[in-house]
Amino acid sequence: MNLCEKSGAIETIREKLNFAKHSKIPVSLYSDAENTTKFAFGYVMEVTDTFILFADISPNGDYDGFTARETQKVYKVEWNDKYGRRLEKIYKLKNQKHDVINCRTGDIITDLLYFALTKRLIVNIELFESDTKDTVGFVSFINNGIVGFQNIDENGESDGECICRLRDVDVLQCDSSDEQLLKLLNENIQSTGADGDVRLCKTDETNRDVQFPPHFTK
């Protein structure tokens, strides 16, 4: 496939994603070219030239958080199939729902990070197409193209802090079932005081170095 053909395919996929967004129909997204059986199911919330904001639904029809993934990586979009209709029905029967995320900065990664920061949700990020969870934790600040995290380990305990550049984030996942479990463990530790170090996960409101974009409401 030459560059023109590839560009045309991407544009067509983007059009279908926008159609799914405005029609509010769930879709299956395929973005892992090395595993063509792997896909994500849910609702398209926003689409830009660089990223897609996706409301994930689990295989059991449950709320499964949000994911920001690169638009150009999506090679297949599927909708109105039996599997999708079944999951959509289960999702509605269970009265599941996703919050609306207002994309006000024009950058999906930044908007989802702000959402996680204000709602105090755990996120995980992939950097440089590593195909791994390079950082898992609470967002502590976003400023001048840098994002800070309070790291959380697999037991829900505090595991230090880190920063990285926003431009290096390829995939951002927020409040998936894995992150929900980590937050539950973390909240239990904080309420029982089992580990004093974990108390560092509580955000110090007086020292938070966050610059919200114009018109952004917490």
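Thresholds, definitions, all that
Residues numbered from 1 in each chain as written. Predicted model: local features only at pLDDT ≥ 70, side-chain atom pairs only at ≥ 80, totals over all residues. Heavy atoms only, no water. Phe/Tyr/Trp six-rings, centres within 6.5 Å; stacked < 30°, edge-to-face > 60°. Helix = DSSP H or I, 4+ residues; strand = E, 2+ residues; numbered from the N terminus. Buried < 20%, exposed > 50% of the residue type's maximum accessible area, 1.4 Å probe, protein only. pLDDT = per-residue confidence, 0-100. Contact = heavy atoms within 4.5 Å. Expected span 1.5 Å × (residues − 1). Polar contact = N/O pair within 3.5 Å; in protein donor to acceptor, adjacent residues only side chain to side chain. Pairing = 2+ DSSP bridges.

Visitor: Would you mind going over the packing of aromatic side chains with me for this structure?
Guide: Each pair of aromatic rings is reported with the distance of its centres and the angle of its planes. According to the stated counting rule, one finds 8 aromatic pairs in the structure shown. Pairing Phe19 with Trp79 gives two aromatic rings, centres 6.4 Å apart and planes at 55 degrees, and the pair type is tilted. Of this pair, Phe19 sits in helix α1 (residues 3-23) while Trp79 sits in the loop between β5 (76-78) and α2 (82-93), and the two are 60 residues apart along the sequence. Note on Phe19: relative accessible area 42%, which makes it partly exposed. Ring geometry for Tyr43 against Tyr91: centres 5.9 Å apart, planes inclined by 50 degrees, an arrangement best described as tilted. Remark: Tyr91 occurs in helix α2 and Tyr43 occurs in strand β2 (residues 40-47); sequence separation between them is 48 residues. The pair formed by Tyr43 and Tyr91 is uniform in burial state, with each residue classed as buried.

Visitor: I keep staring at the confidence of the model for the protein and nothing clicks. Help me out?
Guide: Regions with low pLDDT should not have their predicted coordinates read in detail. The share of residues in the protein with pLDDT of 70 or more is 83%, and the mean pLDDT across the chain is 86. In this model residues 1-6 is a low-confidence stretch, pLDDT under 50, and it forms 1 contact with partners more than four residues away in sequence or in other chains. Note on residues 195-218: pLDDT under 50 across the span, and 52 contacts to partners over four residues away in sequence or across chains.

Visitor: Would you explain helix α3 (residues 108-119) in this entry?
Guide: Each full turn of the α-helix corresponds to 3.6 residues, which orients residues three or four apart in the same direction. In this model α3 runs 16 Å from its N-terminal to its C-terminal C-alpha over 12 residues, within 8% of the 16 Å that 1.5 Å per residue would give. In terms of burial, α3 is a largely internal element, 10 of the 12 residues being buried. Along α3, the positions that sit buried rather than exposed are Ile108, Ile109, Thr110, Asp111, Leu112, Leu113, Tyr114, Phe115, Ala116 and Leu117. N-capping of α3 is provided by Asp107, with a side-chain oxygen placed 3.3 Å from the backbone N of Ile109.

Visitor: What's the story with the pairing of strand β3 (residues 51-57) in this structure? I'm lost.
Guide: The two faces of a sheet get side chains in turn, since along a regular strand they alternate between them. Most of β3 is tucked away, with 7 of its 7 residues classed as buried. Linkage of β2 to β3, two consecutive antiparallel strands, is achieved through a turn of 3 residues.

Visitor: Honestly, the pairing of strand β10 (residues 169-174) in this entry has me stumped. Any pointers?
Guide: Relative to β10, strand β4 (residues 63-70) runs antiparallel, the two being bridged by 3 bridges. Across the sheet, residue Ala68 finds its bridge partner in β10, namely Leu172.

Visitor: Could you clarify how one ought to interpret the environment of His22 in this entry?
Guide: By secondary structure assignment, the location of His22 is in helix α1. On the basis of relative accessible area, His22 is assigned to the exposed category, the value being 58%. C-alpha separation for the pair His22 and Glu46, spaced 24 residues apart in sequence, amounts to 9.4 Å.

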